Amino acid sequence: MSAETPAAPGNDEHYLRVFRRNFRAWRGTRPFWAGLFVMLGGLPIAYFPYANLRLGHLTLAMATTAGAGSLIIGVLLVVLGLSLWFQKHVRVFAGVAAILLALVSIPVSNLGGFLIGFLFALIGGAMAVSWAEGAPPAPARADVGGTDTAPGDTGLGKAPQAPVTDTVGASDDLSGTSPGNEANGRHSAG
């Protein structure tokens, strides 16, 4: 093998490059950053009520009476962040729950982890709710006609005809419960 021979993808590449490419593909199919923000929001909310700040010989305890509540909020935010990573179909529930837990953390745990955890959880929850999986790109259609033809003209002298569909009286309801077929749910049990 010489220096000019390209590496075969997946076979001759360095394992870190392969891992990075696979991680990037995995990360692109789920609300990764939303989950990371929600988890980062849960850590200060759970940590600060149990932390002691030392200033010289002075120890400042930031413990509150709701220390257990802030620990529960922090752990729930970390679990919601992990569920955003590994269960992407619960993204709306996890996002709304993260936003609500972030709001509850303001009075319960030192202003939501001194606003650090509150802001991370709030932004992560909003990102989770607004995330939508990307659709695969549609295949590009090749232009049949030349550049001097009109739109819709194939260059053969006749424009293609659109398929005829009967839309009068047709319904887009596929549930089978439309009033027209007498099965609107009132008499269908049994």
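Each remark here, short or long, concerns the structure printed above.
Residues numbered from 1 in each chain as written. Predicted model: local features only at pLDDT ≥ 70, side-chain atom pairs only at ≥ 80, totals over all residues. Heavy atoms only, no water.

Undergrad: It is not clear to me how the overall build of the protein chain should be interpreted in this structure. Could you clarify?
TA: Across its full length, the protein chain carries six helices and two strands. The order of α-helices and β-strands along the protein chain, N terminus first, is α-α-β-β-α-α-α-α. Buried residues in the protein chain amount to 24% of all 190 residues. Here the contacts in the protein chain between residues at least 6 apart in sequence split such that 64% fall between residues at least 24 apart. By element, 65% of the accessible surface of the protein chain is carried by carbon and sulfur atoms, the whole surface being about 13700 Å². (Helix = DSSP H or I, 4+ residues; strand = E, 2+ residues; numbered from the N terminus. Buried < 20%, exposed > 50% of the residue type's maximum accessible area, 1.4 Å probe, protein only. Contact = heavy atoms within 4.5 Å. Areas by Shrake-Rupley, 256 points an atom, 1.4 Å probe, with all protein chains shown as cover.)

Undergrad: What is the right way to look at the pattern of salt bridges in this model?
TA: Side chains that differ in charge, positive against negative, can pair when their charged atoms come close. A complete count under the given rule lists one salt bridge for this structure. A salt bridge links K88 to E133, with the nearest nitrogen and oxygen atoms 3.2 Å apart. Of this pair, K88 sits in the loop between α3 (67-86) and α4 (91-108) while E133 sits in the segment after α6 (116-130), and the two are 45 residues apart along the sequence. You can call K88 partly exposed: its relative accessible area is 27%. (Salt bridge = Lys/Arg side-chain N within 4 Å of Asp/Glu carboxyl O.)

Undergrad: Teacher, can you tell me more about the side chain of R30 here?
TA: Of note, R30 is situated in the loop between α1 (15-27) and α2 (32-47). Buried within the structure, R30 lacks any salt-bridge partner; its nearest side chain of opposite charge belongs to E133, at an N-O separation of 7.6 Å. Polar contacts involving the side chain of R30 include one to the main-chain carbonyl oxygen of W26, which spans 3.1 Å. Side-chain polar atoms of R30 contact the side chain of T29, separated by 3.4 Å. (Lys, Arg positive; Asp, Glu negative; His and termini not counted. Polar contact = N/O pair within 3.5 Å; in protein donor to acceptor, adjacent residues only side chain to side chain.)

Undergrad: Before we go on, may I ask you to explain α2 in this structure?
TA: Helical geometry note: an α-helix holds 3.6 residues per turn, so side chains three or four residues apart project in the same direction. Over its 16 residues, α2 runs 23 Å from end to end, which matches the ideal 22 Å to within 8%, given 1.5 Å per residue. When we look at burial in α2, the residues that qualify are F32, A34, G35, V38, M39, G41, G42, P44, I45 and A46. Looking at the buried residues of α2, the elements they touch are α1, α3, α4, α5 (110-114) and α6. (Expected span 1.5 Å × (residues − 1).)

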